[in-house]
Amino acid sequence: MLQNFFVSSIRFFQKHKVFTFLNILGLGTGMAACILILQYVAYEKSYDHYNEKIDRIYRVRYDYIKNGEVQFECAAATPAVGPAMKKDFPEIEEFARLFPTSAIFEYEGITFKEEKVHIADPAVFKIFTLNIIKGNKEKPIDEPFTMALSESTAKKYFGETDPIGKMIRADGEELYKVTAVYEDHPENSHIYMDALASYSTFSTYEWAENMDQSWGWYDFNTYVLVQEGTDIELLQAKIPDFIERHRGEKLRQRNGEVRYIYQPLADIHLFSNLLQESEPPGDGEAVYFLTLIAICILIIAWVNFVNLSTSRSLERAKEVGIRKVIGAFKNQLIRQFMYEALLVNILSLVFAVLVAFLSLSFFQDLTGKPLDLMVFLKSPYFLAFLSIFFIGSLLSGVYPAFFLSSFNPVTVLKGSFGSQARGATLRKGLVIVQFAASVILIAGTILVQRQINFMKNYDLGFEMDQTLILNGAEIVGADSLYLNKYQGFKKRMMDIPGVEGISSSSSIPGREIFWTRGFKWAKADENAEIISYVVGIDHDFLGQYGLELASGRNFSKDFPSDDSAAILNLAAMEKLGFPNQEAAVGEYLKQGDDRYKIVGVLDSYHQMGLDKELYPIVMRLIPDIRSFYSVKLKDWEVSSTLKDIEEEYRSTFPNDPFIFFFLDDYFNRQYVSFVQFGKVFGLFSFLGIVIACLGLFGLSSYSTLQRTREIGIRKVLGASASQIFRLLSWDFLFLIIIGNVIAWPATYFVMTRWLESFPKRTEIGIDLFLISGVIGVLIALITVSYQSTKAGLSNPINALKSE
């Protein structure tokens with residue numbers, strides 16, 4: 001029986017090559033798109049799953065509320081939290097604090113600046129899956145001034161030489177003994193650990209003597225490993241009492257409140273966008289929307305199949321009639337048509353796998369992710385795809401099978417089968433659904449690109465064009481000598497023809513500020529303190545970046561007292577309680593026992609991208625600050641200017657590596673994930689529309705074929721080619737207009753939700769719906785125009801000669 005079904009199906013495919021080709025192309029393209037999207041989704045959801053104990057690992061999130069207002073929500077906690085939780089909660093098996101830092105490592109003349117260094121508790125090796133391949137596996141970083149390196153970091157300095165026992169100098173000062181080398185962890189990790197230095201090193205510094213009792217220094221990523229079987233909700237419920245025991249009285253004195261929240265390790269990458277994230281997080285909303293696109297594309301593809309299958313009802317009716325007359329039962333015909341549908345779906349799946357495999361490299365470049373087919377195959381999304389495939393194959397075959405097998409053989413063979421309209425209502429409904437989905441994809445693509453362009457072109461309140469950033473000098477000997485050395489360097493830099501200006505600062509636009517302090521207006525109540533971010537700058541910083549003052553003045557060398565002065569941004573001014581910027585100038589800030597005179601208030605500027613809220617910033621004059629040098633370039637030959645700058649830098653700071661980047665590239669890296677999302681969204685929206693057009697082309701072809709005699713008669717009676725074109729196009733055009741009306745509210749609902757994640761965002765205007773609707777109509781008209789024009793220009797004699 002199966003062999004008979006197979007032979008019959010192959011014969012049908014050979015007889016109707018175009019019909020079969022359109023079905024396999026449409027279904028296969030839809031499945032390939034779905035496979036690629038689910039690969040991306042599986043990769044994004046796979047972050048940190050290399051950790052064998054991932055289900056028991058949590059990060060401690062730290063929120064601070066003052067006077068009922070949230071001051072910050074931070075990924076890093078304070079150094080006292082981990083030890084206290086381990087002591088108070090038997091559910092916690094281990095804790096590890098990771099203090100992120102950067103350092104210049106040097107070994108026998110080989111020098112690099114390492115950005116992913118963490119000063120970590122020894123338990124980091126018990127919590128995370130970091131396989132030690134060389135050295136001390138039991139206690140690699142228990143002793144002060146010991147360090148474990150990742151395999152790739154060790155090779156940079158030692159090549160194939162055994163690094164164990166070797167000494168690496170950090171920042172030109174301390175020597176660290178390499179005690180272990182561990183395997184590089186995968187890229188799909190929310191935190192990169194290239195080097196782990198011993199936490200006990202802190203104990204050797206006088207300033208860190210009581211650090212483990214500090215509840216205010218929140219720069220420590222704190223992870224806990226809970227016991228097996230721990231109910232995390234019950235553990236979370238113990239936190240209020242924990243806070244009361246350790247901080248209750250002091251918090252009440254300051255009218256403050258804190259929250260410690262256990263974040264599952266598996267959720268951090270996609271669903272955590274806090275201050276001081278270790279790496280730029282992913283976007284759970286984007287993954288959600290791409291999953292919806294995958295489903296939409298598959299629905300469009302299967303709708304095509306159902307439409308094309310039922311549209312051939314007139315042709316298949318005669319076949320059904322003959323089969324029934326010679327003894328075929330209805331259930332046999334159903335199985336035959338179901339077998340055909342399954343065979344088309346299997347062939348489409350083979351085509352889809354081939355397309356997905358061949359386009360994987362292109363898709364990796366598009367997403368910027370090292371997508372791995374094995375990650376997808378091992379993920380639950382692979383099983384989900386197979387389930388969707390079998391369910392979709394079944395459902396897409398059920399209706400055509402029951403529909404085609406239900407014809408009355410007597411009616412069909414008498415030639416009175418007038419069911420050209422049979423199933424037409426369903427087909428029209430499916431076309432409406434199909435193009436409603438297509439219009440949603442078109443509108444979504446336009447809106448995503450608008451938001452990306454909005455972010456890129458928005459006035460950020462500062463100038464970043466032609467700005468070169470140099471990493472500041474760190475290995476300069478005694479601090480007292482630095483300022484004279486820097487001033488000489490600055491003067492010689494200004495003599496370079498292509499350099500317009502240079503300034504130094506502790507941070508730059510686009511870089512998250514980690515320096516925070518509690519400030520209050522000196523005249524305000526003691527509980528009016530706010531947490532503000534601090535940027536140390538020199539006299540030239542504001543002018544260099546074109547930052548405008550709303551009130552007051554810049555720091556000036558004419559005012560020696562400016563060493564104890566401050567400039568606020570508008571967000572800080574408002575949070576500190578000043579009625580306006582003029583009222584703030586001349587007043588004093590208190591920070592502990594220190595007082596700072598407010599000499600200016602800045603107009604709003606965006607320290608970070610538009611996906612982040614504006615936060616309070618206090619700028620202080622620190623002439624010897626040296627984290628970054630901002631070099632303003634003239635419209636000059638950049639390569640020769642850069643060469644001159646490098647020579648001057650290496651001459652002045654010979655022990656520091658020359659590291660540079662351009663500010664616009666650096667700032668816009670915040671938007672890379674959005675740009676990639678826009679490209680992926682646009683690509684698969686395009687594929688969804690192409691698949692819809694394939695189905696529409698097939699339907700228009702068959703509809704024209706069914707109406708061949710009608711068209712011939714109309715032409716004989718005087719109908720023009722344009723009238724025939726309008727006749728054939730209107731049926732589809734009407735359905736597409738209905739699809740637009742359905743798509744518009746759905747688009748508004750879905751895309752409004754996406755835009756809500758942006759503090760600054762573009763508007764959803766009526767033009768979005770009109771443009772997407774017009775594009776949808778034009779695409780449909782172009783798709784059906786070939787068949788309509790061909791029919792309009794055909795010779796009516798050919799259509800009526802057999803009558």
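Residues numbered from 1 in each chain as written. Predicted model: local features only at pLDDT ≥ 70, side-chain atom pairs only at ≥ 80, totals over all residues. Heavy atoms only, no water.

**What about the overall build of the chain?**
And then number 1: In terms of helices and strands, the chain carries 26 helices and 22 strands.
And then number 2: A total of 803 residues make up the chain; the buried ones form 53% of that total.
And then number 3: Taking contacts inside the chain between residues at least 6 apart in sequence as the whole, the part at least 24 apart equals 80%.
And then number 4: By element, 57% of the accessible surface of the chain is carried by carbon and sulfur atoms, the whole surface being about 36300 Å². (Helix = DSSP H or I, 4+ residues; strand = E, 2+ residues; numbered from the N terminus. Buried < 20%, exposed > 50% of the residue type's maximum accessible area, 1.4 Å probe, protein only. Contact = heavy atoms within 4.5 Å. Areas by Shrake-Rupley, 256 points an atom, 1.4 Å probe, with all protein chains shown as cover.)

**As for unusual backbone geometry**
And then number 1: Look at Asn67: it is not a glycine, yet its phi comes out positive at around 55 degrees.
And then number 2: With respect to the helices and strands, the residue Asn67 is situated in the loop between strand 1 (57-66) and strand 2 (69-74).
And then number 3: Judged by its relative accessible area of 40%, Asn67 falls in the partly exposed class.
And then number 4: Phi angles above zero are rare outside glycine, and Asn255 is one such case at about 55 degrees.
And then number 5: Take Asn255: it is sitting in the loop between helix 7 (239-253) and strand 11 (256-264).
And then number 6: Note on Asn255: relative accessible area 39%, which makes it partly exposed.

**Digging into empty space enclosed by the protein**
And then number 1: According to the stated counting rule, one finds six cavities of 30 Å³ or more in the structure shown.
And then number 2: For the second largest cavity, the full set of lining residues is Asn569, Tyr605, His606, Gln607, Met608, Gly609, Lys612, Glu613, Leu614, Tyr615 and Ile617.
And then number 3: Considering only residue class, the lining of the second largest cavity consists of five nonpolar, four polar and two charged. (1 Å grid on protein atoms, 1.4 Å probe; cavity = no way out; pocket = protein on both sides within 12 Å on 5 of 7 lines; lining within 4 Å. Points joined across faces, edges and corners; volume = space filled by probe spheres on them. Nonpolar A, V, L, I, M, F, W, Y, C, P; charged D, E, K, R; others polar.)

**Let's talk about the nonpolar core**
And then number 1: Counting residues in hydrophobic clusters, the biggest one holds 143 residues, and the most contacted among them are Met85, Tyr260, Tyr262, Met619 and Phe684.
And then number 2: For this core, the leading source of residues is helix 2 (residues 17-45), giving 16 residues.
And then number 3: Not counting chain neighbours up to four residues away, the residues in contact with Tyr262 comprise Tyr58, Arg59, Val60, Met85, Phe89, Ile92, Val224, Ile232, Leu235, Gln236 and Ile239. (Core = buried A, V, L, I, M, F, W, Y, C linked by side-chain atoms within 4.5 Å.)

**Focus: the pattern of salt bridges**
And then number 1: Summed over the entire model, instances satisfying the criterion amount to 28 salt bridges.
And then number 2: As a salt-bridge pair, Asp540 and Lys490 come within 2.3 Å of each other at their nearest N and O atoms. Here Asp540, found in the loop between strand 15 (530-537) and helix 17 (541-545), pairs with Lys490, found in helix 16 (residues 479-494); they are 50 residues apart in sequence, far enough to count as distant.
And then number 3: With a closest N to O distance of 3.2 Å, Lys612 and Asp611 form a salt bridge.
And then number 4: The exposure class of Lys612 is partly exposed, given its relative accessible area of 27%.
And then number 5: One salt-bridge network, in which partners are shared between bridges, spans Arg61, Asp63, Glu73 and Arg259. (Salt bridge = Lys/Arg side-chain N within 4 Å of Asp/Glu carboxyl O.)

**Some points on the side chain of Ser272**
And then number 1: In this structure, Ser272 sits in the loop between helix 8 (268-271) and helix 9 (284-311).
And then number 2: Under the relative-accessibility criterion, Ser272 is labelled buried at 3%.
And then number 3: Of note is the side chain of Ser272, whose polar atom sits 3.0 Å from the side chain of Arg59.
And then number 4: Of the polar contacts made by the side chain of Ser272, one reaches the side chain of Gln263; its length is 3.0 Å.
And then number 5: Discounting residues that sit within four places of it in the chain, Ser272 has contacts with Arg59, Gln263, Asp267, Glu277 and Pro281. (Polar contact = N/O pair within 3.5 Å; in protein donor to acceptor, adjacent residues only side chain to side chain.)

**A short note on the pairing of strand 8 (residues 174-182)**
And then number 1: Across three bridges, the pairing between strand 5 (residues 132-135) and strand 8 is antiparallel. Bridge pairing in strand 8 links Ile132 to Tyr182.
And then number 2: Here strand 6 (residues 146-150) runs beside strand 8; their pairing, made up of five bridges, is parallel. Residue Ser150 lies in a different strand from strand 8, and its bridge partner there is Tyr182.
And then number 3: Relative to strand 8, strand 7 (residues 167-170) runs antiparallel, the two sharing four bridges. Paired with Arg169 across the bridge in strand 8 is Leu175.
And then number 4: The antiparallel hairpin formed by strand 7 and strand 8 contains three residues in its connecting segment, where Asp171 sits at a positive phi of about 55 degrees. (Pairing = 2+ DSSP bridges.)

**Re the confidence of the model for the chain**
And then number 1: In the predicted model, the chain carries a mean pLDDT of 86, and the fraction of residues at 70 or more is 88%.
And then number 2: When mean pLDDT is compared element by element in the chain, strand 10 (residues 221-226) scores highest at 98, while helix 14 (residues 409-413) scores lowest at 58. (pLDDT = per-residue confidence, 0-100.)

**Overview of a negative patch on the surface**
And then number 1: Negative charge collects at one region of the surface, where Glu463, Asp465, Glu548 and Asp603 lie side by side.
And then number 2: As for its position among the elements, Asp603 is in the loop between strand 19 (594-602) and strand 20 (617-621). (Patch = residues over 30% accessible without salt bridge, like charges linked within 9 Å, V, L, I, M, F, W, Y side chains within 5 Å. Lys, Arg positive; Asp, Glu negative; His and termini not counted. Charge placed at Lys NZ, Arg CZ, Asp CG, Glu CD.)

**Side note on the packing of aromatic side chains**
And then number 1: A full pass over the atoms with the stated rule returns 53 aromatic pairs.
And then number 2: Here Tyr62 and Phe72 contribute two aromatic rings whose centre-to-centre distance is 5.4 Å and whose plane-to-plane angle is 70 degrees, an arrangement assigned as edge-to-face. Placement of Tyr62 in strand 1 and of Phe72 in strand 2 is noted, with a sequence separation of 10 residues between them.
And then number 3: When its relative accessible area of 3% is taken as the criterion, Phe72 is described as buried.
And then number 4: One aromatic cluster is present, formed by Tyr62, Tyr64, Phe72, Phe89, Trp215, Tyr218, Phe242 and Tyr260 through successive ring pairs.
And then number 5: Positioned over the ring face of Tyr666 is Arg669, at 3.9 Å from the centre of the ring.
And then number 6: Over the aromatic face of Tyr288 sits the side chain of Arg753, whose NZ or CZ is 4.4 Å from the ring centroid. (Phe/Tyr/Trp six-rings, centres within 6.5 Å; stacked < 30°, edge-to-face > 60°. Lys NZ or Arg CZ within 6 Å of the ring centre and 35° of its normal.)

**Description of a nonpolar patch on the surface**
And then number 1: A cluster of nonpolar side chains, contributed by Tyr288, Leu292, Ile295, Ile299 and Val433, occupies part of the molecular surface with about 400 Å² of accessible area.
And then number 2: For the nonpolar patch, the leading source of residues is helix 9, giving four residues.
And then number 3: Mapped onto the fold, Val433 is located in helix 15 (residues 424-457).

**A few points about helix 20 (residues 638-652)**
And then number 1: For helix 20, spanning 15 residues, the distance from its first C-alpha to its last is 21 Å, which sits close to the expected 21 Å at 1.5 Å a residue.
And then number 2: Listed in full, the buried residues belonging to helix 20 are Thr641, Leu642, Ile645, Glu648, Tyr649 and Thr652. Down the axis, helix 20 shows its buried residues gathered within 130 degrees of arc, on one side only. Facing away from the buried side of helix 20 by over 90 degrees, the exposed positions are Lys643 and Ser651. (Expected span 1.5 Å × (residues − 1). Arc of directions from axis to C-beta.)

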